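# Analysis of the macromolecular model
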Amino acid sequence: MPEEALPIGVVADDLTGATDLALMASERGLRSVVCVDVPAAGTVPPDADVLVVALRSRTAPVATAVDASRRALGWLRQQGARRFHLKYCSTFDSTPRGNIGPVLEALLDDLGSPTTVVVPSFPATGRTVYRGYLFVGNELLAESSMRDHPLTPMRDSHLVRLLQPQMSGRVSAVALEHVRGDLPAALDAARRGGVRAVVLDAIEDGDLAAIHRATADLPLTTGAAGLVTAWGRGGESAAVAVGAPGPSVSLVGSQSRASREQVERARAHQPVLAISPPAGEDGVAPAADRAVGWCLERWSEDAERPVLVHAAPPDSDVSPDEAALLERTFARTAATLAARGVRRFVVGGGETSGSVIAALDVRTLAIGPAISPGVCWASGELAPGDPGTGLAGEGTSTRAAPGTTGEVSATCALSLKSGNFGGPDFFVDAWEMLR
Ligand SMILES: Nc1ncnc2c1ncn2[C@@H]1O[C@H](COP(=O)(O)OP(=O)(O)OP(=O)(O)O)[C@@H](O)[C@H]1O
Ligand SMILES: O=C(O)[C@@H](O)C(=O)CO
């Protein structure tokens with residue numbers, strides 16, 4: 001990547017996806033910062049090679065997602081970025097309405113570019129694309145646990161069939177032998193044929209490197225963090241040091257197969273509490289208070305021991321309202337704990353992470369070391385004043401963390417885990433790294 005191509009601007013549709021990509025870039029020696037939402041006018045832009053704007057647009061209404069993505073692109077252009085990547089999930093989380101297709105087309109329009117590529121492949125985490133079909137490990141997408149995702153159930157595996165209903169322009173696919181052959185010619189033919197989005201097969205990092213070379217002139221690429229394996233010059237990781245003293249809590253809203261297994265494995269090492277969505281908005285604060293009380297009690301027995309609060313598996317299909325109530329419960333739990341001086345958080349699930357970070361009012365995340373492929377520690381500052389919503393009067397910066405003496409700083413150690421990522425002992429290993 002030539003110096004003049006920096007900074008690269010990334011619009012990410014959720015927060016864990018943003019840190020996943022930023023970690024990959026950081027490991028390629030590119031200084032990477034995640035901005036939580038589009039920074040307000042007048043905010044001093046972070047000094048970075050890769051600037052990622054993390055939105056919460058994955059499951060937002062289409063018009064909201066398009067508007068937020070265009071504002072993010074506009075801000076990144078103001079920061080001098082000339083090359084852009086739209087980051088969505090490596091499992092292509094979306095519905096027949098969007099939001100991948102409508103956002104992709106809006107960004108192409110704004111950039112005046114006719115065509116882009118669609119590259120969810122991320123071989124390091126088992127995501128590969130062959131003959132246009134997306135695989136998760138050895139399973140087709142629609143046969144993986146994504147089939148029953150609470151918000152974006154994926155019931156097809158073919159990327160052209162998934163994307164075409166979301167777009168007004170045409171979608172086509174380029175098979176592996178052409179990705180490995182004359183890809184520039186294949187892309188040129190697609191562009192001349194009026195195709196807006198070209199799905200590319202890729203099953204190993206070498207394929208992603210070929211795609212990176214062939215797309216050097218495109219203002220916009222789209223896909224997962226896999227493509228970033230080809231960015232930068234490699235070399236030393238640009239990870240920052242991450243640390244914060246005091247008690248440790250994991251908050252897991254994800255119901256992915258991986259998260260459930262990880263929670264089960266954590267039981268042998270940590271106290272674990274399951275929570276369900278409250279019946280209505282009035283129930284959010286009491287439910288969060290109960291979760292906070294439980295954490296404080298566990299830390300009064302052993303302040304060194306991490307604790308874990310997770311979403312109980314639902315009995316039946318989940319409504320968006322119930323999902324949102326549970327997210328707000330996790331968010332309020334995190335904000336109340338932060339107000340009491342807790343500074344070490346692991347969060348499981350993209351939507352849950354978005355809610356928690358918004359409640360903590362952390363505006364930027366500097367990327368630290370990897371915990372496992374796609375998941376890292378990051379350092380974030382609590383905004384001055386009270387963290388989160390509805391917690392007036394509970395200041396952050398002067399409280400002593402439970403089990404400690406003295407004041408705590410506003411710096412948090414944060415790890416935001418995509419539902420499907422992380423090794424089986426993730427919720428144990430993450431904390432071992434901070435010892
Ligand atoms: N028992 C439950 N009842 C209602 N909603 C639930 C329940 N369990 C989980 N949820 C909701 O399901 C959603 C899970 O989405 P989230 O993005 O946090 O995890 P994920 O989809 O596994 O992660 P990722 O997006 O990173 O793949 C959240 O909105 C959460 O509140
Ligand atoms: O690409 C992925 O799988 C992750 O970064 C993600 O976006 C899950 O939320």
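Residues numbered from 1 in each chain as written. Chains lettered and ligands numbered in written order. Predicted model: local features only at pLDDT ≥ 70, side-chain atom pairs only at ≥ 80, totals over all residues. Heavy atoms only, no water.

### Topic: the pattern of salt bridges
For the coordinates displayed, the defined rule picks out 25 salt bridges. A salt bridge links Arg131 to Glu177, with the nearest nitrogen and oxygen atoms 3.1 Å apart. Placement of Arg131 in the loop between β6 (127-130) and β7 (133-136) and of Glu177 in helix α5 (residues 176-179) is noted, with a sequence separation of 46 residues between them. The exposure class of Arg131 is partly exposed, given its relative accessible area of 39%. Where Arg155 meets Asp148, a salt bridge forms, and the shortest distance between an N and an O atom there is 3.4 Å. You can call Asp148 exposed: its relative accessible area is 57%. (Salt bridge = Lys/Arg side-chain N within 4 Å of Asp/Glu carboxyl O. Helix = DSSP H or I, 4+ residues; strand = E, 2+ residues; numbered from the N terminus. Buried < 20%, exposed > 50% of the residue type's maximum accessible area, 1.4 Å probe, protein only.)

### Structural notes on the sheet that holds β7
As summarised here, the arrangement of the 3 strands in space is β6-β7-β8, forming an open sheet in which the pairing is antiparallel. Two strands close off the open sheet at either side, each with one partner strand: β6 and β8 (139-140). Sheet analysis places β7 next to β8, joined by 2 bridges and oriented antiparallel. By the bridge assignment, Val136 is partnered in β8 with Glu139. (Pairing = 2+ DSSP bridges.)

### Here's the deal with the nonpolar core
Ranked by size, the top nonpolar core spans 68 residues in total, and within it Val34, Val50, Val52, Val249, Phe345, Leu360 and Trp377 carry the most contacts. For this core, the element with the most residues is helix α1 (residues 15-27), which contributes 7 residues. Membership of the second largest hydrophobic core comes to 43 residues, among which are Val53, Leu104, Val118 and Val199. (Core = buried A, V, L, I, M, F, W, Y, C linked by side-chain atoms within 4.5 Å.)

### A closer look at the site of ligand 2
Ligand 2 sits among Asp14, Thr16, Gly17, Asp20, Arg58, Lys87, Tyr88, Cys89, Ser90, Ser418 and Phe421. Contact distances for ligand 2 include 3.3 Å between an oxygen atom and a side-chain N or O atom of Thr16. One nitrogen or oxygen atom from the side chain of Ser90 is found 2.5 Å from an oxygen atom belonging to ligand 2. Its free accessible area being 270 Å², ligand 2 has 96% of it covered by the protein chains. (Near = heavy atom within 4 Å. Polar contact = N/O pair within 3.5 Å; in protein donor to acceptor, adjacent residues only side chain to side chain. Areas by Shrake-Rupley, 256 points an atom, 1.4 Å probe, with all protein chains shown as cover.)

### Considerations on the site of ligand 1
Close to ligand 1 lie 24 residues; His149, Ser254, Glu327, Glu351 and Thr352 are nearest. At 3.5 Å from an oxygen atom of ligand 1 is found a side-chain nitrogen or oxygen belonging to Thr16. Within the contact set of ligand 1, an oxygen atom lies 3.0 Å away from a backbone nitrogen or oxygen of Gly350. Surface burial for ligand 1 is 97%, taken as the share of its 640 Å² of free accessible area covered by protein chains. Of all the secondary structure elements, the ones that give two or more residues to the shell around ligand 1 are α10 (320-339) and α11 (350-360). Grouping the amino acids of the shell around ligand 1 by side-chain chemistry returns 9 nonpolar, 11 polar and 4 charged. (Nonpolar A, V, L, I, M, F, W, Y, C, P; charged D, E, K, R; others polar.)

### Considering the UniProt feature "domain: Four-carbon acid sugar kinase N-terminal" (unreviewed entry) in the protein
Mapped onto this structure's residue numbering, the UniProt feature "domain: Four-carbon acid sugar kinase N-terminal" (unreviewed entry) falls at residues 8-230. Counted over residues 8-230, helix gives 32% and strand 22%. Its end C-alpha atoms are 13 Å apart. (UniProt positions renumbered as here; feature names shortened; annotations may be inferred.)

### Considering the side chain of Thr115
Here Thr115 is to be found in the loop between α3 (100-111) and β5 (116-119). For Thr115, a relative accessible area of 5% puts it in the buried group. Setting aside residues up to four positions removed in sequence, Thr115 forms contacts with Leu108, Arg191, Val195, Arg196, Val198 and Leu218. (Contact = heavy atoms within 4.5 Å.)

### Some thoughts on the pairing of strand β14 (residues 307-311)
Within β14, 5 of the 5 residues are buried, which leaves the element mostly enclosed by the surrounding structure. Alignment of strand β12 (residues 248-252) against β14, held across 4 bridges, turns out to be parallel. Within β14, the residue paired with Val249 across the bridge is Val307. Where strand β13 (residues 272-275) and β14 come together, 4 bridges link them in parallel fashion. If you follow Ala274 over to β14, its bridge partner there is His310. Taking the sense of rotation as the criterion, the β-α-β connection linking β13, helix α9 (residues 284-301) and β14 turns out right-handed. (Right-handed = clockwise from strand over helix to strand, strands pointing away.)

### Here we look at α9
Between its first and last C-alpha, α9 extends 26 Å over 18 residues, near the 26 Å set by a 1.5 Å rise per residue. Considered for burial, the residues of α9 that qualify are Val284, Ala287, Ala288, Ala291, Val292, Trp294, Cys295, Arg298 and Trp299. Down the axis of α9, the buried side of the element spans an arc of 155°, and every buried residue falls inside it. Within α9, the exposed residues directed more than 90 degrees away from the buried face are Arg290, Ser300 and Glu301. (Expected span 1.5 Å × (residues − 1). Arc of directions from axis to C-beta.)

### Let's talk about unusual backbone geometry
A cis amide bond links Gly98 with the next residue in sequence, Asn99, at an omega value of 10°. By secondary structure assignment, the location of Asn99 is in the loop between β4 (83-87) and α3. At Arg131, a residue that is not glycine, the phi angle is positive and equals roughly 55°. The phi dihedral of Asp361 falls on the positive side, at around 60°, and the residue is not glycine. Relative to the assigned elements, Asp361 resides in the loop between α11 and β16 (362-372). Residue classification places Asp361 among the partly exposed positions, given a relative accessible area of 24%.

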